[in-house]
Number of protein chains: 4
Amino acid sequence: MKIDRLQAFSDGVFAIVLTLLVLDFKVPNYQIGHLNQAVIAQWPTLAAYILSFFYVGTLWLFHHDYFAKIKQTNRQLNVINLSILFTVTLINYPTSLLSESIAKQNNADIRFAFTCYALVALVISALFWALYRYMAVHHELMRHHEQFYQTIKNDPVRSVTIYAIALIGIQFNSWLGVFLILMGNIFHFIAYLRLNRSVTRYHLNGKDD
Amino acid sequence: MKIDRLQAFSDGVFAIVLTLLVLDFKVPNYQIGHLNQAVIAQWPTLAAYILSFFYVGTLWLFHHDYFAKIKQTNRQLNVINLSILFTVTLINYPTSLLSESIAKQNNADIRFAFTCYALVALVISALFWALYRYMAVHHELMRHHEQFYQTIKNDPVRSVTIYAIALIGIQFNSWLGVFLILMGNIFHFIAYLRLNRSVTRYHLNGKDD
Amino acid sequence: MKIDRLQAFSDGVFAIVLTLLVLDFKVPNYQIGHLNQAVIAQWPTLAAYILSFFYVGTLWLFHHDYFAKIKQTNRQLNVINLSILFTVTLINYPTSLLSESIAKQNNADIRFAFTCYALVALVISALFWALYRYMAVHHELMRHHEQFYQTIKNDPVRSVTIYAIALIGIQFNSWLGVFLILMGNIFHFIAYLRLNRSVTRYHLNGKDD
Amino acid sequence: MKIDRLQAFSDGVFAIVLTLLVLDFKVPNYQIGHLNQAVIAQWPTLAAYILSFFYVGTLWLFHHDYFAKIKQTNRQLNVINLSILFTVTLINYPTSLLSESIAKQNNADIRFAFTCYALVALVISALFWALYRYMAVHHELMRHHEQFYQTIKNDPVRSVTIYAIALIGIQFNSWLGVFLILMGNIFHFIAYLRLNRSVTRYHLNGKDD
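A quick note: this is a predicted structure, and the numbers were derived from the prediction, not measured. Positions within a chain are numbered from 1, following the residues in the order the chain's sequence is written. Chain letters and ligand numbers both follow the written order, the letters beginning at A and the numbers at 1. Where totals are concerned, whole chains, interfaces and linings use all residues; where local detail is concerned, this predicted model gives features only for residues with pLDDT of at least 70, and gives and counts side-chain atom pairs only at 80 or more.

Side note on the overall build of chain A
How we decide: Under the scheme used here, helices are H or I runs from DSSP no shorter than 4 residues and strands are E runs no shorter than 2 residues, and both carry numbers assigned from the N terminus. To sort residues by exposure, count the other C-beta atoms lying within 10 Å of each residue's C-beta; 20 or more gives buried, 12 or fewer gives exposed, and values between give partly exposed, all with C-beta atoms placed from the backbone. For the purpose of contact definition, each residue receives a C-beta atom placed from its backbone, and two residues are in contact when these atoms lie within 7 Å.
Along its length, chain A carries nine helices and zero strands. Each helix and strand of chain A, ordered N terminal to C terminal, gives the series α-α-α-α-α-α-α-α-α. Burial status across chain A gives 47% buried among its 209 residues. For chain A, the share of sequence-separated contacts (at least 6 apart) that also reach a separation of at least 24 residues comes to 80%.

Details of the relation of the copies chain C and chain B
Convention followed: Copies overlap after least-squares fitting; the atoms used are the C-alpha atoms of residues with pLDDT of at least 70 in both.
Mapping chain C onto chain B is achieved by rotating through 90° and translating by 0.0 Å along the same axis, at an RMSD of 0.0 Å. Accordingly, the operation relating the two chain copies is best matched by a four-fold axis.

Remarks on the interface of chain A and chain D
Convention followed: Charged residues are taken to be Asp, Glu, Lys and Arg, nonpolar residues to be Ala, Val, Leu, Ile, Met, Phe, Trp, Tyr, Cys and Pro, and polar residues to be all remaining types, Gly included.
Contacts between chain A and chain D engage 28 residues on the former and 22 residues on the latter. At the level of elements, α1 (3-20), α4 (75-90), α5 (92-104) and α6 (107-137) of chain A are the ones that each hand at least two residues to the side of chain A that touches chain D. Taken together, the residues of the side of chain A that touches chain D break down into 16 nonpolar, seven polar and five charged.

Brief notes about the environment of I165(A)
Within the element layout of this structure, I165(A) appears in helix α8 (residues 155-172). Assessed through the 16 C-beta atoms surrounding it within 10 Å, I165(A) is described here as partly exposed.

Thoughts on the interface of chain C and chain B
Listed per partner, the contact involves 28 residues of chain C and 22 residues of chain B. Looking at which element gives the most residues to the side of chain C that touches chain B, the answer is helix α1 (residues 3-20) of chain C, with eight residues.

Quick word on the relation of the copies chain A and chain D
If you rotate chain A by 90° and push it 0.0 Å along the axis, it lands on chain D with an RMSD of 0.0 Å. A different interface surface on each copy is seen, since only 7% of the contact residues of chain A are contact residues in chain D too.

Thoughts on the environment of L23(B)
For L23(B), the location among the structural elements is in the loop between α1 (3-20) and α2 (35-40). When the C-alpha positions of L23(B) and S99(B) are compared, they lie 13 Å apart, and in sequence the two are 76 residues distant.

Considering unusual backbone geometry
Positive phi is not limited to glycine here, since Q105(B) has a value of about 55°. Looking at the element boundaries, Q105(B) is found in the loop between α5 (92-104) and α6 (107-137).

Considering the nonpolar core
Formally: Under the definition applied here, buried Ala, Val, Leu, Ile, Met, Phe, Trp, Tyr and Cys residues are grouped into a nonpolar core through C-beta atoms within 7 Å.
By size, the foremost hydrophobic cluster in this structure holds 243 residues, and its most contacted members are V56(A), V56(B), A118(B), V56(C), V56(D) and A118(D). Sequence-distant contacts of V56(B), that is, excluding residues within four places in its chain, are made with F14(B), V17(B), L18(B), V88(B) and I91(B).

Quick word on the UniProt feature "transmembrane region" (unreviewed entry) in chain A
Our working rule: UniProt positions are given in the numbering used here, feature names are shortened, and annotations may be inferred rather than shown by experiment.
Look at the UniProt record and you will see "transmembrane region" (unreviewed entry) annotated at residues 6-25, 46-63, 79-98, 110-132 and 162-193 of chain A. As annotated, residues 6-25 of chain A has a helix share of 75% and a strand share of 0%, and its two end C-alpha atoms lie 31 Å apart.

What to know about the packing of α4(A) against α6(A)
Helix packing for two helices is described by the angle between their axes and how far apart those axes are. Residue and element names in this part refer to chain A. So the rule is basically this: Think of each axis as a best-fit line through the C-alpha atoms, taken over the contacting stretch in the case of a helix, with angles from 0 to 180 degrees between the N-to-C directions. For classification purposes, angles smaller than 35 degrees are called roughly parallel, those larger than 145 roughly antiparallel, those between 65 and 115 roughly perpendicular, and all remaining angles oblique. Left-handed is the label given to a crossing in which the near helix is rotated counterclockwise from the far helix by less than a right angle, and right-handed is the label when the rotation is clockwise.
It is at 9 Å that the axes of α4 and α6 come closest, and there the two elements cross at 165°. Here α4 is positioned roughly antiparallel relative to α6, judged by the angle of their axes. The way α4 lies across α6 gives a crossing that is left-handed. Residues Q76, L77, I80, S83, I84, T87, V88 and L90 of α4 pack against V120, V123, I124, L127, F128, A130, L131 and Y134 of α6. Here the residues of the contact of α4 with α6 sort into 13 nonpolar, three polar and no charged.

With respect to the environment of P94(A)
Residues and elements named next belong to chain A. Tracing the backbone through its elements, the reader meets P94 in helix α5. Sequence-wise, P94 and A113 are 19 residues apart; in three dimensions their C-alpha atoms are separated by 6.2 Å. The contacts of P94, once residues within four sequence positions are left out, are A113, C116, Y117 and V120.

Printed below as a string of structure tokens:
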């Protein structure tokens, strides 16, 4: 398969995942004349939506820039990529769990929903780790591998670690967990900025087309 | 990231948003033998659907023609664009609020639904404003910037103003609000026509490929 | 806008419409141990799904081959195309009405559902007619217009006529209506075959790239 | 139609089918404070999701590599391809039947759900068989047909046979049926690996671009 077809397909899945998240917004049951109260009570849905939209959006930017460095794909890479897409589509589910459990304000349920969220995030980061490891061994599939890889190679390990700590932290204190999940997402964004800067540098140096 | 990949991704999100709107059409609960009455009573769903379809459609045409003038993207632009896409996917929700509240004919709820709609529209226009401001400063990312930008630079300010007035107007009179939201959408469409004319002129003058 | 971007966007909307149709298939309420009976009782959903899938599929093939003859787009064409896409996404709704009303076996409701279906189909064909008329006047937008247009110019009028007769027929006899809607869809398919043959002939003659 | 447009459209449908599968994950009804138990009781949904995601994913990889060997399309091929896409979108439905019936633990219902799943899988394989047969006769549409086709020509017959045996086996023993469906999916994956290896070999030999 040509690498740009793989990327177009992956971009398509990311675009659909991003957009399907909105289906979680349903008109609430409300007492006629008090729609406003019912909608305002849905703030957890909005919060969970914002969290997941920018998380998936960052993952897309990241995935896109990373695959732009790959010049060829093969069977193994296709399977790793399909697994990443699988876990990304899954995010939809813990997002719903979050908004539902926060709306119902039970602490044990909220903790469980955050646990699911952190678990999916951890698996996503672990699969990116597998991707990095695989590409490190098969650098013939990549353009200008060494230097590029050196800069970013520890990023997935770091985010796996953050989500693992989040998973443990949540069991003791929900809000500590939330804080760590947010840290994880922000870390992704920073990692993306670094990846992008490194990709851009190659472009400017004319080392890459 | 290459600008055409960013555009393909954004086009994908717009296409999905447009199509998901139809999921708001559900077969109504009806008394057997009187499906026709139940369907006719769903006219608010159709009206809200038409409103949002052509609103999002216009936004797409607009977004598409604007990004066709950009020759390169960067981190900041990616984040602005992702934020625009975020608010565009949100439209789905006030659309449902509108059709539901109009069907139930409570004036306070209708007013609230229009308020939500105008609010989302205002934020979308504000983000386009941010986009215009950003591009005005970074004209190195654009082709033939000056003249093109002069023609259209005040459009988002105008539509933000329209939606802000709509937001206030709705609180006094729902139908004034509706009228202003429609004005806002029609204004978008006119703005698109002007943008398109200006883009086409460059093409004809051979200043652009 | 470049014509291939318009086509990619339209193809995207068609692909999503085709796939969303399946969401009408929901696991039925069933008595435990008798899932098979409940599923078999859903045959109208399957029938409506098959009808709409191949109808939308044919429309896509048709739309695709027609736009492949257009070399440039403009504001008016964008608006006509957006209107066509609007009515195509609408098909989802009468499809649900059909499967629901047939399952409930009330004749008046079935007749009404078929009326809605024929109405949407008629509007789609009417918009294709508008497209043909517009392109006939603006042949500067098309490649090798004359001969190509002569072959197919009456097709939309014919299908509008078929659906108009279907609309009337349904009021007297549901099954006559069904028969005419099927005729309409089959006519679309034949029209597509003719369009495709004519497009292919140009290719073989080397008149077109 | 150009073959790459047909492929882009098909890729789009596959991407949407893959992503829509996640909509089957709904927040379960749960007793407040016991969300964890309700979510854990949803394991059949996760299992069915994993099964179908990797099945559709494999079909996509397969479809993609196969169509990469085709250099031109025509009316008949478009119709065969549309039929394949039709059955692929259908998978959504037996996936829901599976997760629902396993959750309710009635053996007769589970057997019926597996029967539906195997039936859809059988029809998909049968349509791939039709595709292979058609391409065998029309090798003018393919690049380097003979050798390539010899390697893979019996694959669809084999998978039709596996699903047919699964269909019969399920009637006697649900778990035998499950085992055979899994075998069928794994067989698809192996067939994909063989197809991919054969495609790659041509690339390396410079026989294909």
